[in-house]
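The chain contents come next:
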Amino acid sequence: MADTIDTVRTVLIDALELSQSPEDLTPDTALFGSLPELDSFGVVSLVGALEDTFEITIDDDEFGAEIFETVGALVSFVDSKTSQG
């Protein structure tokens, strides 16, 4: 998970053009509803970046606010997707 969280933090910062540093994004950092950059366009951009970076596919039926609730939730979701392949 350590590698995954570092990569997810970098993807979040790049995809959403955040001003935070990676260290600012802890597993408990709230995302959806807390980051103005994570709007509907931000979600699409973030999902595309995650799919490209981790070589995963995120299906429409997997989209839910809960996976974007916190950095930790997003990392857990990505970990579950990468362990399937």
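Above this text you will find the structure in question.
All of the points below concern the structure found in this document. Bear in mind the structure is a predicted one, so any value in this text is a computation, not a measurement. (Residues numbered from 1 in each chain as written. Predicted model: local features only at pLDDT ≥ 70, side-chain atom pairs only at ≥ 80, totals over all residues. Heavy atoms only, no water.)

Remarks on the overall build of the protein chain
Here is the rule we go by: Strands here are runs of E lasting at least two residues and helices are runs of H or I lasting at least four, both read from the DSSP assignment and numbered beginning at the N terminus. Only the C-alpha atoms count toward the radius of gyration. The rule for a globule is 2.2 Å times the residue count to the power 0.38. Working definition: with a 1.4 Å probe on protein chains only, accessible area under 20% of the residue-type maximum means buried, over 50% means exposed, and in between means partly exposed. Any two residues whose heavy atoms approach within 4.5 Å at even a single point are treated as in contact. The Shrake-Rupley method, run with a 1.4 Å probe, gives the accessible areas here. Residue values count only the displayed protein chains as cover.
The number of helices and strands found in the protein chain is 3 helices and 0 strands. Its helices and strands in sequence order give the protein chain the pattern α-α-α, from N to C terminus. At 12 Å, the protein chain has a C-alpha radius of gyration in line with the 12 Å of a compact globule built from 85 residues. For the protein chain, the C-alpha atoms occupy an extent of roughly 30 × 25 × 20 Å along the three principal directions. Within the protein chain, the fraction of its 85 residues that count as buried is 40%. Partitioning the intrachain contacts of the protein chain with sequence separation of at least 6 by distance along the chain shows that 59% fall at a separation of at least 24. Of the roughly 4800 Å² of accessible surface on the protein chain, a fraction of 48% belongs to carbon and sulfur atoms.

Considerations on helix 3 (residues 71-84)
Using the following cut-off: For a helix, the expected span equals 1.5 Å multiplied by the number of residues minus one.
For helix 3, built from 14 residues, the straight-helix expectation of 20 Å at 1.5 Å per residue is met to within 8% by its first-to-last C-alpha distance of 20 Å. Among all positions in helix 3, only Val71, Gly72, Leu74, Val75, Phe77, Val78 and Lys81 are buried.

Let's talk about the pattern of salt bridges
Applicable threshold: Definition used for salt bridges: Asp or Glu carboxyl oxygen within 4 Å of a side-chain nitrogen of Lys or Arg.
Summed over all chains, the structure comprises 2 salt bridges. The residue aspartate 6 makes a salt bridge to arginine 9 at a minimum N-O spacing of 2.7 Å. Within this pair, aspartate 6 and its partner arginine 9 are both found in helix 1 (residues 2-16), separated by 3 residues, close to a single helical turn. With a relative accessible area of 40%, aspartate 6 lands in the partly exposed category. Residue class for arginine 9 comes out buried when judged on its relative accessible area of 14%. Glutamate 62 is the salt-bridge partner of lysine 81, the closest N and O atoms lying 3.0 Å from each other. Within this pair, whereas lysine 81 is found in helix 3, its partner glutamate 62 is found in the loop between helix 2 (40-54) and helix 3, the two being separated by 19 residues in sequence.

Points about the side chain of lysine 81
Worth spelling out the cut-off: Any pair of N or O atoms that falls within 3.5 Å is considered a polar contact. Within protein, one atom must be able to donate a hydrogen and the other to accept it, and sequence-neighbouring residues count only if both atoms are side-chain atoms.
According to the relative accessible area criterion, lysine 81 is buried, its value standing at 10%. At 3.0 Å, the side chain of lysine 81 forms a polar contact with the side chain of glutamate 62. Setting aside anything within four residues of it in sequence, one finds lysine 81 in contact with Ile56, Thr57 and Glu62.

A look at the side chain of arginine 9
A polar side-chain atom of arginine 9 sits 3.1 Å from the main-chain carbonyl oxygen of leucine 25. If we skip the residues at most four places from it in the chain, arginine 9 touches Pro22, Glu23 and Leu25.

Shape descriptors only; they carry no functional weight alone.
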